[in-house]
Amino acid sequence: MTNPFFEAWNTPYEAPPFDRIETSHFQPAFVEALNQHKAEVVAIGANGAAPTFENTIAALERSGKLLRRVEMVFSQLTSAATSDALQAVEREVVLLVARHWNAIFLDPNLFSRIERLYDARGELGLDPEAQRVLERYYLDFVRAGAKLTEAERGRFAEIVEHLAALGTQFGQNVLADEQETVFPLSEAEMDGLPDFARAAAAETARDRKINAPYAVTPSRSSVEPILHFATDRSVREKIWDAFVKRGANGNKNDNSQVIEEIVALRAEQARLLGYESYAAYKLADSMAGTPKAARDLLEEVWDGGRKRAEADREALEALARSKGQAEPLEAWDWRFYAEKLRLARYDFDENALKPYLQLEKVIDASFFVAQKLFGLTFAPREDIVGYHPDVRVWEVARAGKIIGLFYGDYFARPGKRSGAWMTSFRDQSKLDGEQIPFIVNTCNFVKPPEGQPALLSLDEARTVFHEMGHGLHGLLSDVTYPRISGTSVVRDFVELPSQIYEHWLEAAPVLAQFTHVETGEPIPEELLERMHAARTANTGFETVEFVSSAILDMDYHSQPMNGSVAEFEKAVLDSINMPREIALRHASTHFLHLFAGDGYAAGYYSYLWSEVLDADGFEAFEEAGDPFDAETAKRLHDFIYSAGGKRDFAEAYRLFRGRDPDVKALLRNRGLVTVEADAEA
Ligand SMILES: [Zn+2]
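All residue numbers refer to positions counted from 1 along the written sequence of the respective chain. Where local features are concerned, this predicted model is filtered to residues with pLDDT of at least 70; where side-chain atom pairs are given and counted, the filter is 80 or more; whole-chain, interface and lining totals use all residues. Hydrogens and water molecules were not included; the side-chain quantities draw on all heavy atoms of the structure.

1. Remarks on the confidence of the model for the chain
The condition that has to hold: The predictor attaches a confidence to each residue, called pLDDT, with possible values from 0 through 100. Throughout, a residue-residue contact means that at least one pair of heavy atoms, one from each residue, lies within 4.5 Å.
This prediction gives the chain a mean pLDDT of 95; 99% of its residues lie at or above 70. Contacts for the low-pLDDT stretch residues 675-681, under 50 throughout, to residues beyond four places or in other chains number three contacts.

Okay, structure coming up:
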């Protein structure tokens, strides 16, 4: 049997040949890739010659090529196009991979070579980038247990493997709860919903062969329109209930037990490494540095956000009463009345913008910004295949030179997890000649019926820009070593390139690109004015739902978990006086950031940390009086987008901005600075 992972890829730029990759190829490809990598690494550790940067660090950087090739394709497929068969492979492979890395990180011969280099790092004559990579390797090994005693290693390895299995199970459980529950809805139950939401719900009913005109699932993209627009309160309530109970239904997909195990294992892992908590361990390798620094920022924003939300609640309650709702305001009412309140206060109906925000135009606008800031052009390559018919591919060029491939996968479908994310099939590096990156953006927009354009909400358009910002961080990367390429930076810095990019969506020359789907007219000036006026209309709510989730994350990872998941969550929310009408953005049992892998564990605050940087950073363009100011754009390119992990991140920011970030920019961005405070400052 031929296996494309064992062959050269004769595709343009050696892009993955998805038309030939099948589920059955992964298991044997992983086994072979892990064996190859193991042999390479063992040889590096057993080298009789004294360690040098070249024969140790550079050799490690060159090892594992097949493994990377398999893993990068596999991880996107298990997230965006999975199946029962692929999930079974995933459960098996995740253990093999965890065991493999344990063996590498806990190999004393290998680590002693790295440590000798690290101790002599000042005398090796390394350039700053190589020195940074050496430091990074040393830290990676130490953080993965290289300095543990012989006795501790066995238990540590066990924990890492167990956590890998639990993370996979957590993600698969959430997906199952989202896909196994479908609510049939009648014409009357859809009252209040705009056409785009009706079309999507009708499509779901057809797809799922439901004997009703409409159907929705408890996935975010399906639930949001119901919560915003359904006039039937009982419909909002039942859909809300299913949405917040994902992973907490007491069925085979229930994640409560999984969370208890994950939290306990992480605490034990941190203790073995000498940290007082998992949060302390995680944040030691971040810009924030300590859980206290992260928490201080969350608390600084929390009070202003909650006050704002409480004032809005009064207004929403009054509005609900005036519309004849006798019952008190509940979580499933908030979005519905917030829409009406915004309309009353600002005369701004978000749906009025939708006909202008065609997905195609929004993608083009995100390319336009990349062209204005960084001189990039994007050309479709229909001959390069994706892993699903909806996936599209562009070739990215600058000054006549191809710098990467960009894959876009925009529509929700079964087998794809909720949310939006950027990943890659190959990262930029120059270690063995120029290797261009293959970058992927994945979103979950509702697919329109055949032949109709996809129309986005303002929030969804922002998501396109956000993921494009991450994408550019990968595409513009200009480093030698794979370990520090593109988005391989600390977690609380990684949202800077993505979040700062969102600001350009609302720049005048960008908004001018959006024309009405039927009339071709640009967005009327007065609609834009109302949009700008309403920009921070709901930031109280947004701040509360985000910051409460970030505090919950910190508490899971910095204190002992007393009682069940439900009890712990409630105790945390009580401790911060969470308004009862607002729910966590992500409740524990479906909080993928925290528990489906450890990437954002004790790291959900990162979005806010990065927002301090992006709000302050974008003001540099405002101060220059031009959203595309060439000099500011060049510094943004040189020190942020192209720099990967080349240097310390606070220093990188200072080089871009000329000073440290000012946290007030974030409060201004969210409209949480009072007039008096502004006058003082
Ligand atoms: Zn992001």
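2. Re helix 15 (residues 359-374)
For the α-helix, the turn length of 3.6 residues means that residues three or four positions removed from each other point alike. Applied cut-off: Put simply, DSSP H or I for four residues or longer makes a helix, DSSP E for two residues or longer makes a strand, and each gets a number counted from the N terminus. Helix span, expected: 1.5 Å multiplied by one less than the number of residues in the helix. Relative accessibility thresholds used throughout: buried, under 20% of the residue-type maximum; exposed, over 50%; partly exposed, between the two (1.4 Å probe, protein chains only).
Given a rise of 1.5 Å per residue, 16 residues ought to cover 22 Å, and the 22 Å separating the end C-alpha atoms of helix 15 matches this to within 8%. Taken residue by residue, helix 15 has Leu359, Val362, Ile363, Ala365, Ser366, Phe367, Val369, Ala370, Leu373 and Phe374 as its buried positions. Directly after helix 15, the chain includes glycine 375, whose backbone phi takes a positive value near 70°.

3. A few points about the packing of aromatic side chains
Short version of the rule: What counts as a ring pair is set by centres within 6.5 Å for rings of Phe, Tyr and Trp (its six-membered ring), and what kind of pair is set by the plane angle: stacked under 30 degrees, edge-to-face over 60, tilted for all other angles. Cation placement over rings: the criterion is NZ of Lys or CZ of Arg within 6 Å of the ring centroid and within 35° of the ring normal.
With the rule as written, the count across this model stands at 42 aromatic pairs. Of the aromatic side chains, those joined through ring pairs into one cluster are Trp101, Phe105, Phe111, Tyr118, Tyr138 and Phe141. Over the face of the ring belonging to tryptophan 9 we find arginine 69, whose NZ or CZ atom lies 3.7 Å from the ring centre. Its end group placed over the ring of tyrosine 600, arginine 491 keeps NZ or CZ at 4.1 Å from the ring centre.

4. Considering the side chain of glutamate 611
Basically, it comes down to this: A 3.5 Å cut-off defines polar contacts: any pair of N or O atoms within that distance qualifies, except that in protein one atom must be a possible hydrogen donor and the other a possible acceptor, and neighbouring residues in sequence count only when both atoms are side-chain atoms.
Inspection of the secondary structure assignment puts glutamate 611 in helix 23 (residues 606-624). Within the structure, the side chain of glutamate 611 is placed 3.5 Å from the side chain of asparagine 669, a separation counted as a polar contact. Those residues in contact with glutamate 611, other than ones at most four positions away along the chain, are Gln499, Asp616, Leu666, Asn669 and Arg670.

5. Thoughts on the sheet that holds strand 7 (residues 438-445)
What counts, and what does not: For two strands to pair, DSSP has to find at least two bridges joining them. All axes here are fitted lines through C-alpha atoms, helices being fitted over the stretch that makes contact, and every angle between N-to-C directions spans 0 to 180 degrees.
What the five strands build is an open sheet, ordered 3-4-5-7-6; its pairing is mixed. In this open sheet, the two strands that pair with only one neighbour each are strand 3 (376-380) and strand 6 (421-426). Averaged over all pairs of adjacent strands, the angle between strand axes in this sheet comes to 30°, irrespective of strand direction. Pairing of strand 3 with strand 4 (residues 392-398) involves five bridges; the strand directions are antiparallel. Each bridged residue has a counterpart across the sheet, and for proline 380 the counterpart in strand 4 is tryptophan 394. Helix 15 rests against strand 3, strand 4, strand 5 (401-411) and strand 7 of the sheet, and its axis sits at about 145° to strand 3.

6. Quick notes on the coordination of the zinc ion
For clarity, the cut-off: For Na, K and Ca the donor cut-off is 3.2 Å, and for all other metals it is 2.8 Å, counting N, O and S atoms only; because water is absent from this set, sites may look incomplete.
Around the zinc ion, the protein supplies His466 (NE2), His470 (NE2) and Glu495 (OE) as donor atoms, at distances of 2.1 Å. Residue classification places histidine 466 among the buried positions, given a relative accessible area of 11%. Note on histidine 470: relative accessible area 8%, which makes it buried.

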